[in-house]
Every structure is written in C-alpha cells, then in structure tokens.
Amino acid sequence: MKKKVKKKIGQLHLWLGLASGLVLFVVALTGSLLVFEKEIDQYINPEFYIVPNVGKDKKTIDYCTAAIKKQYGIEKINRIVVYNDPKRTMTIIGKDTNGETQIFSIDPYTGKVLGTIAQNNRFFSVILNIHRHLLMHDIGEIITGCSCLIFVFMLISGLILWWPKKVKNLKQRLTVKWKASFKRVNWDFHSTFGFYTFLFLLIIALTGLTWSFKWFEDGMYFIANGTSERPSLKVENPTKIDPQSDKVSFYQNIYQKTDSIFPYKGNIQIRMPADTINSILVLKENLEFSIPNQSSALYFDKYTGKNIEIRPYGSFSKGDKLKRLIYPIHTGSIYGYPTKILAFMVCLFAVTFPITGLLIWLGKRKKKAAH
C-alpha cells in the first residue's frame, strides 16, 4: 500500500514539476536578484541614493516638491520618503502630465534633482513585475500563485520521495557522488540539495503566497488573531472640501509632527491617498529594532495636515505584526546579510531544480525507449 502511495506521489511530483517548471525557474531566478535589490541598484546608480555632500541644513520637503512640480510638470505627489541616514537622498514619487509615475532622487541639502526615472522603466520594477506577474498583470499573478502552491507540494512530496526506507541509507542520501556518471550526479544534486534547502524554500514559498491569495492571508490572520477581520489601512478624510488654506509647509509639518510623536530613529514615508475619500498615511520605520519593516502609522488630513489618528506599532495585533514580518522573511532581510546570503543561495538552488528534474525525466524516457 505504501509503495503504491509513494508511486502516486512520484507521478504527481513529476507531472506537476514539468507543468510548472518554467514558471518556477523564472520566479526563482528573479527572486534571487531581488534579494540584493538595494545593494545592486545602489552600486549601479549611486547618485540615486547618496548625496554628493552632507550639508548642515536641509531644504523643506515642500521646497523639494515644488521644485519637481515646476521643473518636471508633476501634477500629483504619490509618495515621499525621508531617510534617517544623513548621506541618503530623499525619494519623491509623483505622476506627470501624461499620467506616468516618475521616481525622483533629491539632494535634501540643496533641493537639486540628482536623478529621475519612470517607475515602470526601472530595472528592478521590471524584475518585480516578472517575479509577481510574469508581465501579464492579474493573469500572471494567478499563474505565479498557483505555481507557488505547486512548489509547496513539490517540496513536501520531494522530501517524501527522498526519505530512505532504512536509517542506514541516510548518509548515502545526504551526499552527492561527484565521481559517478552524469545521470547519477544529476539525480543526487536534485534530491540531496532539495533536502538541504527544503525548510528555507518552504518558508519562502509560504510567505510568497500572501501576495497571491487573499484566503491565505486571511488564514494567517485567523491563526494569529482568531479572526480574519482586521482594521483597514485606510482612514476616511474628515475634511470633505479643500479650504484652500496656506500649504507652504504642508509636508514639512506632517514630517515634523511624525518625528515628534515617534522620536525614535527611523525612515519616514508619506503616502498620499490614491482616491478622493481617504486621508494621508505616514509610516515611520523603527531602525532601533533589530528586525526591519517594523513601522508605526499615523493619519493626517490631506487638506489641513491635522493629525487624525495614531497607531503605534505596539498597538498592532499579532496578525498585523506577523504580516510585517512576511516581507523580511520572504526576501531574507530579516537578520541582515547572513539571511540575505542564505536566501540568495537557496533561490539559486531552486533555479536548478526544474532543470535537473527535467533531465531526470528525459533520462527515464530514453531508458524506456531503449527497451
């Protein structure tokens, strides 16, 4: 009975692997690049991240936004990111007259634009689009999501198929016989490194499902909170009509209020609402935490700049805190370079599995044809 079940699992492992192999190859390859996105992009485009000279005083955020509106015809500001590091540039994202989203790198000490690029043309924006959507929008997201589910099954079924019948054979399964035939080396490489990377790839795959399926994210919240319900990230704007008041220091006041309410060291991100109903969301990431992506939230009136609501990180539910951990776990940034290198390596091994798996299948077909 066990032999029949294992045979069925083996058949599913084979055919699902062949069906999803190309997608898994692309997702794993792009994922390995995204692990070191910040480091690679900063190396290629240093002017986008580092100011030429660190000055004594910074220009106001409103001075910088006014400059890009005038110089580049930006009609709407979408997002502003001010970094704690004095050497870092300010990032402003806005839509131009053609409706295209542009990313600007600003020297906060001079207000000068150091670089600009259309968001859709940015190299890592394209890589992320391939990773999540295969450049096919919603359909691509469904394909990558289903492939990720298949990959979870592949990992678990692979472990079942790898597991030796007798404990004495365990040592043999844990090594690659490099001096053997290519066919044997390929088999050992596929199965042995599949075992060594199993846990890490399973974690990466499961965390990746939160971006593909709402039911998976709801399940995560249910496990953490006992309910899938959670407070909305959006807060309705209390002022319905723009009073047309003086907005000379609008963004700067929001920034200073945020810094005053949450006095810890951190990067501040001001997000303007995409609609006409909701208020401004401001996130301040706490850089004093050892784990990244731990941010407190504030909401401001988009017309008056008045603080509406404060949500300290400590007030977040277990589900919200778990969701904040998903991104650094998925990308390997949770404990800095050691976990990033680990994530990069296991992603590269994941790239090889569709190839080695295909070679195993072709080898079996050749053997059957010979008989």
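Everything quoted here is computed from the prediction, not taken from an experiment. (Residues numbered from 1 in each chain as written. Predicted model: local features only at pLDDT ≥ 70, side-chain atom pairs only at ≥ 80, totals over all residues. Heavy atoms only, no water.)

1. Things to note about a positive patch on the surface
Line of reasoning, step 1. Together, K3, K7, K8, K165, K166, K168, K183, K364, K367 and K368 make up a region of like positive charge exposed at the surface.
Line of reasoning, step 2. Those elements giving two or more residues to the positive patch turn out to be α1 (2–35) and α12 (337–370).
Line of reasoning, step 3. One can find K168 in the loop between α5 (137–162) and α6 (170–173). (Patch = residues over 30% accessible without salt bridge, like charges linked within 9 Å, V, L, I, M, F, W, Y side chains within 5 Å. Areas by Shrake-Rupley, 256 points an atom, 1.4 Å probe, with all protein chains shown as cover. Salt bridge = Lys/Arg side-chain N within 4 Å of Asp/Glu carboxyl O. Lys, Arg positive; Asp, Glu negative; His and termini not counted. Charge placed at Lys NZ, Arg CZ, Asp CG, Glu CD. Helix = DSSP H or I, 4+ residues; strand = E, 2+ residues; numbered from the N terminus.)

2. A short note on the pattern of salt bridges
Line of reasoning, step 1. Tallied over the entire structure, the rule returns 13 salt bridges.
Line of reasoning, step 2. The closest approach of N and O atoms between E39 and K340, which form a salt bridge, is 2.8 Å. You can see E39 sitting in helix α2 (residues 37–44) and its partner K340 sitting in helix α12, a full 301 residues away along the chain.
Line of reasoning, step 3. Residue classification places K340 among the buried residues on the basis of a relative accessible area of 10%.
Line of reasoning, step 4. For R122, the salt bridge goes to D41, with nearest N and O atoms at 3.3 Å. Placement of R122 in the loop between β4 (113–118) and α4 (123–133) and of D41 in helix α2 is noted, with a sequence separation of 81 residues between them. Pair check on accessibility: R122 and D41 agree, each one buried. (Buried < 20%, exposed > 50% of the residue type's maximum accessible area, 1.4 Å probe, protein only.)

3. Side note on the packing of α1 against α4
Line of reasoning, step 1. Interaxial distance between α1 and α4 falls to 9 Å at its minimum, and their mutual angle equals 145 degrees. By crossing handedness, the relation of α1 to α4 is classed as left-handed. Residues V26, V27, T30, G31, L33 and L34 of α1 lie in contact with α4, whose contacting residues are F124, I127, L128, I130 and H131.
Line of reasoning, step 2. Each residue belonging to the contact of α1 with α4 can be placed in one class, and the counts come to eight nonpolar, three polar and no charged. (Axes fitted to C-alpha atoms, helices over the stretch in contact; angles between N-to-C directions. Left-handed = near helix turned anticlockwise from the far one by under 90°. Contact = heavy atoms within 4.5 Å. Nonpolar A, V, L, I, M, F, W, Y, C, P; charged D, E, K, R; others polar.)

4. Re the packing of aromatic side chains
Line of reasoning, step 1. Across all of its chains, the model carries 20 aromatic pairs by this definition.
Line of reasoning, step 2. Relative to W163, the ring of W162 lies with its centre 5.6 Å away and its plane at 70 degrees, an arrangement referred to as edge-to-face.
Line of reasoning, step 3. Centroid distance F193 to F349: 4.8 Å. Interplanar angle 10 degrees. Geometry classified as stacked. Placement of F193 in helix α7 (residues 182–196) and of F349 in helix α12 is noted, with a sequence separation of 156 residues between them. The two residues F193 and F349 agree in class, both being buried.
Line of reasoning, step 4. Within the aromatic cluster, the residues linked to one another by ring pairs are W162, W163, W178, F189, F193, F195, Y196 and F349.
Line of reasoning, step 5. Of note, K59 hangs over the ring of Y63, and the distance from its end group to the ring centre comes to 4.9 Å.
Line of reasoning, step 6. Here R88 stacks its cationic end above the ring of Y83, 3.7 Å away from the centre of that ring. (Phe/Tyr/Trp six-rings, centres within 6.5 Å; stacked < 30°, edge-to-face > 60°. Lys NZ or Arg CZ within 6 Å of the ring centre and 35° of its normal.)

5. Describing the side chain of D301
Line of reasoning, step 1. Following the sequence through the fold, D301 ends up in the loop between β7 (295–300) and β8 (307–311).
Line of reasoning, step 2. Among buried charged residues, D301 stands out as having no salt bridge; its nearest opposite-charge side chain is K306, 7.8 Å away.
Line of reasoning, step 3. Reaching out from D301, the side chain makes a polar contact with the side chain of T239 at a distance of 2.5 Å.
Line of reasoning, step 4. A polar side-chain atom of D301 sits 3.1 Å from the main-chain amide nitrogen of T304.
Line of reasoning, step 5. Residues in contact with D301, not counting those within four places in the same chain, are N237, P238, T239, F250, I280, K306 and I308. (Polar contact = N/O pair within 3.5 Å; in protein donor to acceptor, adjacent residues only side chain to side chain.)

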